[in-house]
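Results of the structural survey
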Amino acid sequence: MRIAVFVENRNGVGLTSRILGAPGAGEHTFLPVTADLDGDVGRWIDEEASRLGDRRVRNLFREGEALTHAQFLEETGPRISEFARSESVDRLILFNDRSQRGSRVADALTGTLPVVLVQDGHLDFHYKKLGPGLRDQNWYYGSSGPAAVCVWGPATAHHLLYRTPDADPVVHITGALGHSDDPDLVRAAHQPAPPTARPSREPLRIVFLDQPLGDQRKLPANQHREYLRTACEALAEFGEVSVKPHPSTLSGHLDWLGTLPGITVLDESTLVDAAGLEAFDLAVTFFSTTYLQTLRAGVPLVLFSPPPLNIVFPAVNHALLRNVGSVGELADVAGQLHRTGKFAGNNTGEPLTHFLSFHDDVAERILTVVEEAEVRAPRTAPGPGETSLSPAGTRAERALQAVRDQQTPPRSMAVVGLGFGYTTGVAIPVLTYTQALLAQSPVDVRYLDLSAYCRTEDVLDALGDTDVVLVNSLAPLWRSALGNELVDELVSAGRKVFLYAHETEHVMAYEAEHHTLRHKEMLRLLPRVRVLCVSSAQADMFRGLGVAAPVVVYNTVPQDSHRVRARPTPGGQPRIVMVGSMQDRKGLDLFSRVAELAHAKGLPWRFAWIGHRTPRIASSTLVSDRVTWMGALSRTRVREELAASDVFFLSSVDDPMPLSVVEAVQQRLRVITYGRVGSREVLDGVPGYRSFAEYTPQAAFDALRSVLAEQVSEDDYREVEELFDIPAFTARMTTALGLPGPGPARYPLSASSAESAESAESEETADGDGPENPRAVIPQQLRHLNEDFKRHVGAGNVEDALRVGTEILRRRQPVDVLIGMAELRAGRGQAKEACRLLAAAAVVGGDRGRVWSEISRVAALLGPRGRAIRQLARKESVRAQVTHHSARLRKGD
């Protein structure tokens, strides 16, 4: 097969080289081709040519041809068509179908041969305003009708599939070449290392990774430069600032950068990689794929979205990424890092895995898509009397479809929880579910970490008009001061609220003892929400708590690319393993005593426990030397250890549906559990599984000996695995939540509903304070907030001063801040708010003469409304001064 690859920048050459290195690539002939008239692309390709070996990148043009830019673009389409014909091209790989060159290539070849579009950079940008006019070119990516599109993650797939009501591209989530298969990035994404400790108050080394906003018409050039200049000036207070221009920056902007005082301008042609970033303490950019390099380097990155910039980098819940919406917020983040050495990363937002799926065979996946791609027939409108959906199925199925077509299922969902990381079993199922949901359903998913909010009102504002709210576990109701109040507000307002429960009877009893009042509030709320359970036994428990109709959806786990299965027959020294934190509820004592019992009987069994040690271990609990205590391991290591074992011994006394058992089934280990654990209801009777009815070492030992003597049933294990696989779990959850599901019967939106939804979204973010323009205060100590407040007031940054001042007043009411906030409100004509703040200042106390004097000064800014306040303040000021003077006289001063 002859495969052409159209490249137009350095990155395209690197991606091409990775595809050429895929297994099976040697069976095809690859023809790299470009379109270059000015020599810039040719220069970039020459610099990267070593990656392609002996393959030459052919140019559709001769450098220096006498063509205007418009003529060059007009000629690109015919020339690529001629190239494809003369070279007998069977397939074309394209990295961007919206660039000036790429769009011409796509238009010329899409209808004649299979064109496969491969994502080459971050595309999942959000927009503050979505109007009826033209949007940024990233929004239209993939709209040329290619045979297939290979994308980085489910978020891009979701955008392509549901960008418009009639969108119907063939999308494959393959991951990103050079990123998804990078172990360093996988580690940084799932388990970010804390930034290296640095002395406080030491100057920061800051790099601003500039973007050609003016050249790309995302901002007027003067606004771009003004925000860049202001940001650099604000950052310079905390250290040395360097600016790294984008490689495509034009000379005019480069010349302007040279005029910035005190700023080091780096070479724009130098590519930014992890090694180069390690020299800096902080990186700043507007929006860029560079975030992947900063994560690799462990360098904090601030994504700065000035108010007039419509395109926004989405908030990613990561300790090294922070979204800010103003120069003041940017200065606050840098200030905290400078003062304390701590970076205030996003503690809410979407997980990185929604934008970037991780696989170790990305190039092979892309090549498979290219090999199987076919030219898509043009879509035609249905003729008179025809419907867009051809009749299929039985009469009953068609009648059901007719009813569904008239419904408008929920289009948005918010997941509320305490943290969204893959390090805990509570978050894994819902993250895996929403990742699959985004890839195949027209649903907008938001994540709200309650730990990021101070008031219930703020959470309700963030939820907006989200159709469905899913509370992930009972933990937010016990451990957050906002949890119960939030759910009560939502239910009282008639919102659809679901609770996905993971808790066991043991946890319920523990929390009832340690969070008694919140537990009682939670019990009163439970009958008013719809509860989703992970096992039938758990559902019975909730029925006993007054829940009318709990729904059993079970759970799921992420699917790793390669799972090595355990050996079918145990060896001479069988290995028994447990995965879980070291605590009494997990059966630490039982596991140890079974190991001791096996040793006493002279059996050559080896016992190992994987998991970190917790303080929930009683003094009487046995921690046996006959067990290898391995501590916490990465997911990859856990998979390796399971594959090297023979039996998974879940020693927990109470577990509704442990994910570790599901993973053991996936790797075909024999399994034993206590009979009251949820795994029994799905594994009972399956060869390779045993449960013990009595929670004693002897009963567990007998079950272990029995299971070692039998073979795992491949058919039964596969059936259990399918129960917990991602598609099956996604279908159950989607049905329970009433969301539109996967498959050809996607619920179409009418033109009117689509327009109303878009207008609602526009209205929601029209003031620039929508969910994509976060206004959160940087979490820090009160004395640092006071410092930030004074700095913003001194610099005349009213918006940021009000933002920080409001946070201070939520914690305490210092009179200086009250007076300062009143003056700011008065300056903006907000007389009512200013009066309230002045009244609070009068009550707080302090130096009464000075306080009333300040109140009088600010009241003068309120015009007629402040006249009475000013008169009162003058009288009180004089009275305070007289009282103070009299007191000094009585003391003999």
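Treat the numbers as computed from the prediction; the structure is a model and nothing was measured.

**A closer look at the overall build of the protein**
Looking only at helices and strands, the protein has 34 helices and 27 strands in total. Put simply, the protein has 893 residues, and 52% of those count as buried. Long-range pairs, those at least 24 residues apart, make up 71% of the contacts in the protein between residues at least 6 apart in sequence. Of the roughly 39,600 Å² that the protein leaves accessible, carbon and sulfur atoms contribute 50%.

**Details of the environment of Ala462**
Checked against the element boundaries, Ala462 lands in helix α15 (residues 456-463). Sequence-distant contacts of Ala462, that is, excluding residues within four places in its chain, are made with Arg446, Leu448 and Tyr453.

**Brief notes about the pairing of strand β1 (residues 2-6)**
Of all the 5 residues making up β1, 4 are buried; the element is thus mostly covered by neighbouring parts of the structure. Direction of pairing for β1 relative to strand β2 (residues 29-34): parallel, over a ladder of 5 bridges. Across the sheet, residue Val5 finds its bridge partner in β2, namely Pro32. Between the parallel pair β1 and β2, the chain is carried across by helix α1 (residues 10-20), and the sense of this crossover is right-handed. For β1 and strand β4 (residues 91-94), the ladder comprises 4 bridges, and the chain directions are parallel. Residue pairing across strands places Ala4 opposite Leu92, the latter belonging to β4.

**Description of the side chain of Asp182**
The residue Asp182 is located in the loop between β8 (171-173) and α6 (183-190) in this model. A polar contact is formed between the side chain of Asp182 and the backbone nitrogen of Asp184, at a distance of 3.0 Å.

**A few points about the packing of α15 against helix α17 (residues 483-492)**
Following both chains from N to C, one finds α15 and α17 inclined at 50°, their axes separated by 10 Å at the closest point. It follows that α15 is oblique to α17 by the angle criterion. Crossing handedness for the pair α15 and α17: right-handed. Contact residues: Thr456, Val459, Leu460 and Leu463 in α15; Glu485, Leu486, Glu489 and Leu490 in α17.

**As for the packing of aromatic side chains**
Considering all chains together, one arrives at 18 aromatic pairs under this definition. A network of ring pairs unites the aromatic residues Phe591, Phe607, Trp609, Trp629, Phe649, Tyr674, Phe692 and Tyr695 as a single cluster.

**Digging into unusual backbone geometry**
We note that Ser88 has phi near 50°; this positive angle belongs to a residue other than glycine. Its location among the elements puts Ser88 in the loop between α3 (69-86) and β4. For Ser88, a relative accessible area of 46% puts it in the partly exposed group. With a phi close to 65°, Arg668 is a non-glycine residue in the positive phi region. Structurally, Arg668 can be placed in the loop between α23 (659-666) and β26 (670-674). Looking at Arg668, the relative accessible area reads 6%, which means it is buried.

**Some points on the sheet that holds strand β10 (residues 239-244)**
Taken together, the 6 strands give an open sheet; going across it, the order is β11-β10-β9-β12-β13-β15, and neighbouring strands pair in parallel fashion. This sheet does not close on itself; its edge strands, each paired only once, are β11 (264-265) and β15 (321-324). Here strand β9 (residues 204-209) pairs with β10 via 6 bridges, running parallel. Its bridge partner lying in β10, Ile206 is registered against Val241. The sheet contacts of helix α7 (residues 221-236) involve β9, β10, β12 (282-285) and β13 (301-304), and relative to β10 the element is tilted by about 150°.

**Digging into the confidence of the model for the protein**
The predicted model of the protein averages 83 in pLDDT, with 86% of residues at 70 or higher. No element of the protein has a lower mean pLDDT than helix α28 (residues 751-764), at 33, and none a higher one than strand β25 (residues 647-650), at 97. Across residues 379-391, where pLDDT falls below 50, the model places 8 contacts with residues more than four positions away in sequence or in other chains.

**With respect to the pattern of salt bridges**
For the coordinates displayed, the defined rule picks out 40 salt bridges. When the shortest N-O distance is used, the salt bridge between Glu710 and Arg690 registers 3.0 Å. Linking Glu710 in the loop between α25 (697-708) and α26 (714-723) with Arg690 in strand β27 (residues 689-692), this pair joins segments that are 20 residues apart in sequence. The class of Arg690 is partly exposed, set by a relative accessible area of 30%. Arg850 is paired through a salt bridge with Asp816; the nearest N and O atoms lie 2.9 Å apart. Of the two residues, Arg850 sits in helix α33 (residues 848-859) while Asp816 sits in helix α31 (residues 815-827), which places them 34 residues apart along the sequence. Relative accessible area serves as the criterion here: at 47%, Asp816 is assigned to the partly exposed category. Connected through salt bridges with shared partners, the residues Arg565, Arg668, Glu714, Asp715, Arg718 and Glu721 form a single ionic network.

**Some details on the pairing of β15**
Alternating residues of β15 divide into Leu321 and Asn323 and Arg322 and Val324, and every residue in both groups is buried. The pairing of β13 with β15 spans 4 bridges and is classified as parallel. Its bridge partner lying in β15, Phe304 is registered against Val324.

**What to know about α31**
The end-to-end C-alpha distance of α31 is 18 Å, a good match for the 18 Å that 13 residues give at a rise of 1.5 Å each. Burial within α31 is extensive, with 10 of its 13 residues counted as buried. Among the residues of α31, Val815, Val817, Leu818, Ile819, Gly820, Met821, Ala822, Leu824, Arg825 and Ala826 are the ones counted as buried. Looking at the residues trailing α31, positive phi occurs at Gly829, about 80°.

**A look at the sheet that holds strand β20 (residues 530-533)**
An order of β17-β16-β18-β19-β20-β21 is seen for the 6 strands of this open sheet, with the pairing classed as parallel. Both outer strands of the open sheet, β17 (444-449) and β21 (551-552), are each paired with one neighbouring strand and no more. Inspection of the sheet shows strand β16 (residues 412-417) paired to β17 by 6 bridges, in the parallel sense. For Val416, the partnering residue across the bridge sits in β17 and is Leu448. α15 contacts β16, β17 and β18 (468-472) of the sheet and is inclined by roughly 165° relative to β17. Contacts from α17 reach β16, β18 and β19 (496-500) within the one sheet, and its direction differs from that of β19 by about 140°.

**Comments concerning helix α20 (residues 536-544)**
Looking at α20, one finds that the buried residues are Gln538, Ala539, Met541 and Phe542. Projected down its long axis, α20 carries its buried residues within an arc of 155°, all on one side. For α20, the elements touching its buried residues are α18 (505-514), β20 and β21. Following α20 by one or two positions, Gly546 has its phi on the positive side, about 100°.

**Remarks on the environment of Arg791**
If you trace the backbone, Arg791 turns up in helix α29 (residues 782-795). Its relative accessible area of 16% is what places Arg791 among the buried residues. Placed 463 residues apart in sequence, Arg791 and Gly328 show a C-alpha to C-alpha distance of 9.3 Å. Setting aside anything within four residues of it in sequence, one finds Arg791 in contact with Glu237, Phe238, Gly328, Ala331, Asp332 and Arg339.

**So, the nonpolar core**
Counting 77 residues, the largest nonpolar core has Met413, Phe607, Phe648 and Leu737 as the members making the most contacts within it. With residues near it in sequence (within four places) discarded, Phe607 still touches Ile576, Phe591, Val594, Ala595, Ala598, Arg626, Val627, Thr628 and Leu704. Judged by nonpolar contacts, the second largest core, of 63 residues, contains Leu235, Val243, Ile263 and Leu356.

Calculation rules
Residues numbered from 1 in each chain as written. Predicted model: local features only at pLDDT ≥ 70, side-chain atom pairs only at ≥ 80, totals over all residues. Heavy atoms only, no water. Helix = DSSP H or I, 4+ residues; strand = E, 2+ residues; numbered from the N terminus. Buried < 20%, exposed > 50% of the residue type's maximum accessible area, 1.4 Å probe, protein only. Contact = heavy atoms within 4.5 Å. Areas by Shrake-Rupley, 256 points an atom, 1.4 Å probe, with all protein chains shown as cover. Pairing = 2+ DSSP bridges. Right-handed = clockwise from strand over helix to strand, strands pointing away. Polar contact = N/O pair within 3.5 Å; in protein donor to acceptor, adjacent residues only side chain to side chain. Axes fitted to C-alpha atoms, helices over the stretch in contact; angles between N-to-C directions. Parallel < 35°, antiparallel > 145°, perpendicular 65-115°, else oblique. Left-handed = near helix turned anticlockwise from the far one by under 90°. Phe/Tyr/Trp six-rings, centres within 6.5 Å; stacked < 30°, edge-to-face > 60°. pLDDT = per-residue confidence, 0-100. Salt bridge = Lys/Arg side-chain N within 4 Å of Asp/Glu carboxyl O. Expected span 1.5 Å × (residues − 1). Arc of directions from axis to C-beta. Core = buried A, V, L, I, M, F, W, Y, C linked by side-chain atoms within 4.5 Å.

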